[in-house]
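# Chain and residue survey
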Amino acid sequence: MEGGAFILVLALAVALAESVAPAERKCQLSGLWTNDQDSQMEISVLRDNGDFHGQYLTRVTLSGGCARVSPLRGAQQQLGGEGWPTFAFTVLWDKFSNATTAFVGQCFVDAGGKEMLSTTWLLREAVGSLEEDWKATRVGRNVFTRKRTPKGKILPNSSPLCEAVSLPGP
């Protein structure tokens, strides 16, 4: 009978978690996030109007070279307490690329409380002529999950590849 009681309690817990409305499981956009490519971003506290800023450190570059922390700016749709928030932000790839990326997405919380950002992005690389325009825009998708860290400085200033390049030789 004990095994049956445990299964009943477990089934009730799962049903209760699934019945919790999105408004009761809020997804907070601010904080540190990492994606499936191991890129990281830190989003500031949202302003009352939904605006935010932050930093992005990519692990993927067009040239395959060193990446530096780049600024991001965006806005979150202000909801009336229902549903999951949508958002958009741009990243200007500072000091290492002539490209800009625009992300759009939505914040979700699963039944277990795990927050995730489902995003689609467009990356626009500068090209030298109108004839090359066809190859200048790329599209992709990333899912970000919250990364828990101790307080203090969160993002490094550059990718590990940059640190390896800047180390003096023997």
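Preceding this paragraph is the structure being described.
The paragraphs below set out a description of the structure included in this document.

If you look at the biggest cluster of nonpolar residues, it comprises 21 residues, and the most contacted ones within it are Met-41, Tyr-56, Phe-89 and Leu-117. The set of elements that each furnish at least two residues to this core consists of strand S2 (40–43), strand S3 (51–57), strand S5 (86–92), strand S6 (99–109) and strand S7 (115–125).

Strand pairs in the sheet, formed through backbone hydrogen bonds, run parallel or antiparallel to each other. Taken in spatial order, the eight strands of this closed barrel run S1-S2-S3-S4-S5-S6-S7-S8, and their pairing is antiparallel. In this sheet, neighbouring strand axes are inclined to one another by 30° on average, regardless of whether the strands run parallel or antiparallel. Bridge count between S6 and S7: 11 bridges; the pairing is antiparallel. Bridging from a neighbouring strand, Val-109 pairs with Glu-115 of S7.

Another point: the pattern of salt bridges. For the structure on display, the rule yields five salt bridges. Across the pair Glu-125 and Arg-138 runs a salt bridge whose closest N-O atoms are separated by 3.8 Å. Within this pair, whereas Glu-125 is found in strand S7, its partner Arg-138 is found in strand S8 (residues 137–146), the two being separated by 13 residues in sequence. Given a relative accessible area of 22%, Glu-125 falls into the partly exposed group. Across the pair Glu-132 and Lys-135 runs a salt bridge, and its minimum N-O distance is 3.6 Å. On the basis of relative accessible area, Lys-135 is assigned to the partly exposed category, the value being 41%.

So, on to the pairing of S3. One ladder, built from four bridges, connects S2 with S3; its direction is antiparallel. From the neighbouring strand, Glu-42 faces S3, where its bridge partner is Gln-55. Bridge count between S3 and strand S4 (residues 70–76): six bridges; the pairing is antiparallel. Within S4, the position partnered with Tyr-56 by the bridge is Ser-70.

Glancing now at the side chain of Gln-76. Counting through the fold element by element, Gln-76 comes out in strand S4. If sequence neighbours within four positions are ignored, Gln-76 has contacts with Leu-29, Leu-46, Gly-50, Phe-52, Pro-85, Thr-86 and Phe-87.

Analysis parameters
Residues numbered from 1 in each chain as written. Predicted model: local features only at pLDDT ≥ 70, side-chain atom pairs only at ≥ 80, totals over all residues. Heavy atoms only, no water. Core = buried A, V, L, I, M, F, W, Y, C linked by side-chain atoms within 4.5 Å. Buried < 20%, exposed > 50% of the residue type's maximum accessible area, 1.4 Å probe, protein only. Helix = DSSP H or I, 4+ residues; strand = E, 2+ residues; numbered from the N terminus. Pairing = 2+ DSSP bridges. Axes fitted to C-alpha atoms, helices over the stretch in contact; angles between N-to-C directions. Salt bridge = Lys/Arg side-chain N within 4 Å of Asp/Glu carboxyl O. Contact = heavy atoms within 4.5 Å.

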